Amino acid sequence: MPPQARSISSYFLKPTSPAAAIAKASTSTSTNTSPTTPKSSTPAKRPITLSDAAKRAIEEGLASSPLRDGSPEPASKKAKIDSSPSAPSKVADIFAKPTTTLTATPKSSTPRATSRDELRTKFADNPRWASLLGLELDTLGEDWLLALQDELTKSYFLSLKEFVTNEQKTKQIFPPAPDIYSWSRFCPLKDVRVVIIGQDPYHDDGQAHGLAFSVRKGVRIPPSLRNIYKEMHDEIPEFAIPKHGDLTEWAKHGVLLLNTSLTVRAHEAGSHANKGWDQFTAAVLKVVTARLAPGPSVAADKGEKVAGGNGVVFMAWGAHAAKMCAGVDKNKYLILKSAHPSPLSASRGFLGNGHFVKANEWLEKRYGPEGGIDWKSLGGE
């Protein structure tokens, strides 16, 4: 069974500042003496304090450390950072405020790219980026690519790409490489109205094609999707249950079908979990909440807010999905939670949850009579 999702707050670590490091060093190296300690022949130890020169040395050491200059961290240290949760914090703060994370290279004053071609030119100047990020440059939908451009060059993502690339050379990996980011091409960022969070891509032959819960036409409909169809038909009688499991039409109508992990080894569920995909998909959700937020926002101040964005609906089915979207502002977005549609849990809260009707009612209030999702777009064929 794939590991459970971690809270999104655990993916955003705050680096230690030089001032904090100096204060910690000063405290740890000082010796407390008691005024009531009896005198002895041995001279009392004087409190040890850091000289200005020592403090400057610490500052210079921190300034030239891998955390500052962007050079790759030792593998053992990086693994510890990537796997350790940060101090407890409100997950909602992660969505509301810009967050500082470790990057693979130092920040520069170079303006953010505004087109795919500009970003391609920028990445070409860095050999590691050029060798690892070709798939992203070629297959991510352009608005997603530009929104996530800083995420792609972070240390964890480059390490993830090295892992996936090596896996693809020696093992069968699903979905096929061109389909890993199909969710971004079928559902542009500006069109997102509903987010359905999955967990792992299907790991049997011919199933996964980059959309959560979806399989290609001609492939047997998975049990979870059959229950989704059943619930849809119960809520919307006009919905004709399709004879296929391809949800591409939903994606084209504004439904972001996003798995938490975007790749998996054939026939090995959860084999690419905890490799970095969960941090990347958390960043995807953060982009959605930042750029499609109703009213004033940080994205609006930067000129990055999607015109007309007035919130989205999150469908969180099962504990994993619920944890991934924990902390989303309920005043700005609709979060619909229930049991997972798997046959093991569907009868314990998924069937009868009314999510599809509730989503459209909320969207029509925010976006007008035509603002809902055309769930019937799949047709009955």
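Residues numbered from 1 in each chain as written. Predicted model: local features only at pLDDT ≥ 70, side-chain atom pairs only at ≥ 80, totals over all residues. Heavy atoms only, no water.

As recorded in an unreviewed UniProt entry, the protein goes by Uracil-DNA glycosylase and comes from Kwoniella shandongensis. You can read under Catalytic activity (unreviewed entry) in the UniProt record for the protein the words "Hydrolyzes single-stranded DNA or mismatched double-stranded DNA and polynucleotides, releasing free uracil." As its UniProt record puts it under Function (unreviewed entry), the protein is described as follows: "Excises uracil residues from the DNA which can arise as a result of misincorporation of dUMP residues by DNA polymerase or due to deamination of cytosine." (UniProt positions renumbered as here; feature names shortened; annotations may be inferred.)

When helices and strands are counted, the protein shows 18 helices and 6 strands. Counting the 381 residues in the protein, one finds 47% classified as buried. Taking all contacts inside the protein whose residues are at least 6 apart in sequence as the whole, residues at least 24 apart take part in 72%. Accessible surface computed for the protein: about 19200 Å², of which carbon and sulfur atoms make up 54%. (Helix = DSSP H or I, 4+ residues; strand = E, 2+ residues; numbered from the N terminus. Buried < 20%, exposed > 50% of the residue type's maximum accessible area, 1.4 Å probe, protein only. Contact = heavy atoms within 4.5 Å. Areas by Shrake-Rupley, 256 points an atom, 1.4 Å probe, with all protein chains shown as cover.)

Time to look at the packing of aromatic side chains. By the definition in use, this model includes 17 aromatic pairs. Plain terms: the ring middles of Tyr-229 and Phe-239 are 5.9 Å apart, the flat faces sit at 50 degrees to each other, and that makes the pair tilted. Here Phe-239 lies in the loop between α13 (223-235) and α14 (248-252) and Tyr-229 lies in helix α13, a separation of 10 residues in the sequence. Accessibility assignment for this pair places Tyr-229 and Phe-239 in one class, buried. Each ring, one from Trp-317 and one from Phe-356, has its centre 6.1 Å from the other, and the planes form 70 degrees; the classification is edge-to-face. With a gap of 39 residues between them, Trp-317 in strand β5 (residues 313-317) and Phe-356 in helix α18 (residues 355-367) connect regions that are remote in the sequence. (Phe/Tyr/Trp six-rings, centres within 6.5 Å; stacked < 30°, edge-to-face > 60°.)

The feature "active site" (unreviewed entry), as annotated in UniProt, sits at Asp-200 in this numbering. Along the chain, Asp-200 turns up in the loop between β2 (194-198) and α13. You can call Asp-200 buried: its relative accessible area is 16%. In this structure the side chain of Asp-200 is engaged in a polar contact, spanning 2.6 Å, whose partner is the backbone nitrogen of Gly-270. (Polar contact = N/O pair within 3.5 Å; in protein donor to acceptor, adjacent residues only side chain to side chain.)

For α13, which comprises 13 residues, the first-to-last C-alpha distance of 19 Å matches the rise-based estimate of 18 Å (1.5 Å per residue) to within 8%. Here α13 has its buried residues at Ser-224, Leu-225, Asn-227, Ile-228, Tyr-229, Glu-231, Met-232 and Glu-235. Residues of α13 that are buried make contact with α14, β5 and α18. (Expected span 1.5 Å × (residues − 1).)

Moving on, we come to the side chain of Gln-149. Structurally, Gln-149 is set in helix α10 (residues 149-152). The buried category is assigned to Gln-149, whose relative accessible area is 2%. If near-sequence neighbours (up to four positions away) are discounted, Gln-149 is found in contact with Arg-112, Ala-113, Leu-119, Lys-122 and Phe-123.

Counted according to the given criterion, the structure contains 13 salt bridges. Where Arg-120 meets Asp-138, a salt bridge forms, and the shortest distance between an N and an O atom there is 3.0 Å. Linking Arg-120 in helix α6 (residues 116-124) with Asp-138 in helix α8 (residues 134-139), this pair joins segments that are 18 residues apart in sequence. For Asp-179, the salt bridge is made with Arg-216, and the minimal N-O distance between the two is 2.3 Å. Of the two residues, Asp-179 sits in the loop between β1 (173-174) and α12 (182-186) while Arg-216 sits in the loop between β2 and α13, which places them 37 residues apart along the sequence. Judged by relative accessible area, Asp-179 falls into the buried class, the value being 13%. One salt-bridge network, held together by shared partners, links Glu-167, Lys-171, Arg-265 and Glu-268. (Salt bridge = Lys/Arg side-chain N within 4 Å of Asp/Glu carboxyl O.)

Attention now moves to the packing of helix α11 (residues 155-170) against helix α15 (residues 277-291). Taken N-terminus to C-terminus, the directions of α11 and α15 make an angle of 130 degrees; their axes are 9 Å apart at the nearest point. Comparing their axes, α15 and α11 come out oblique. Relative to α15, α11 is oriented so that their crossing is left-handed. Taking contact as the criterion, the partners of Tyr-156, Phe-157, Leu-160 and Val-164 in α11 are, on α15, Trp-277, Gln-279 and Phe-280. In terms of residue class, the contact of α11 with α15 is made up of 6 nonpolar, 1 polar and no charged. (Axes fitted to C-alpha atoms, helices over the stretch in contact; angles between N-to-C directions. Parallel < 35°, antiparallel > 145°, perpendicular 65-115°, else oblique. Left-handed = near helix turned anticlockwise from the far one by under 90°. Nonpolar A, V, L, I, M, F, W, Y, C, P; charged D, E, K, R; others polar.)

Quick look at the nonpolar core now. In this structure, Trp-144, Trp-183, Leu-256, Phe-280, Val-288, Phe-314 and Trp-375 are the most contacted members of the largest nonpolar core, which totals 87 residues. Here the element with the most residues in this core is α15; it accounts for 8 residues. (Core = buried A, V, L, I, M, F, W, Y, C linked by side-chain atoms within 4.5 Å.)

It is worth spelling out the environment of Gly-270 at this point. Note that Gly-270 resides in the loop between β4 (264-265) and α15. Gly-270 sits 69 residues away from Pro-201 along the chain, and the two C-alpha atoms are 8.8 Å apart.

Turning next to the packing of α13 against α18. The contact between α13 and α18 brings their axes to 8 Å, and the two run at 60 degrees. Comparing the axis directions of α13 and α18 gives the class oblique. In contact with Ile-228, Glu-231, Met-232 and Glu-235 of α13, α18 contributes His-355, Phe-356 and Val-357. Of the residues in the contact of α13 with α18, the class split is 4 nonpolar, 1 polar and 2 charged.

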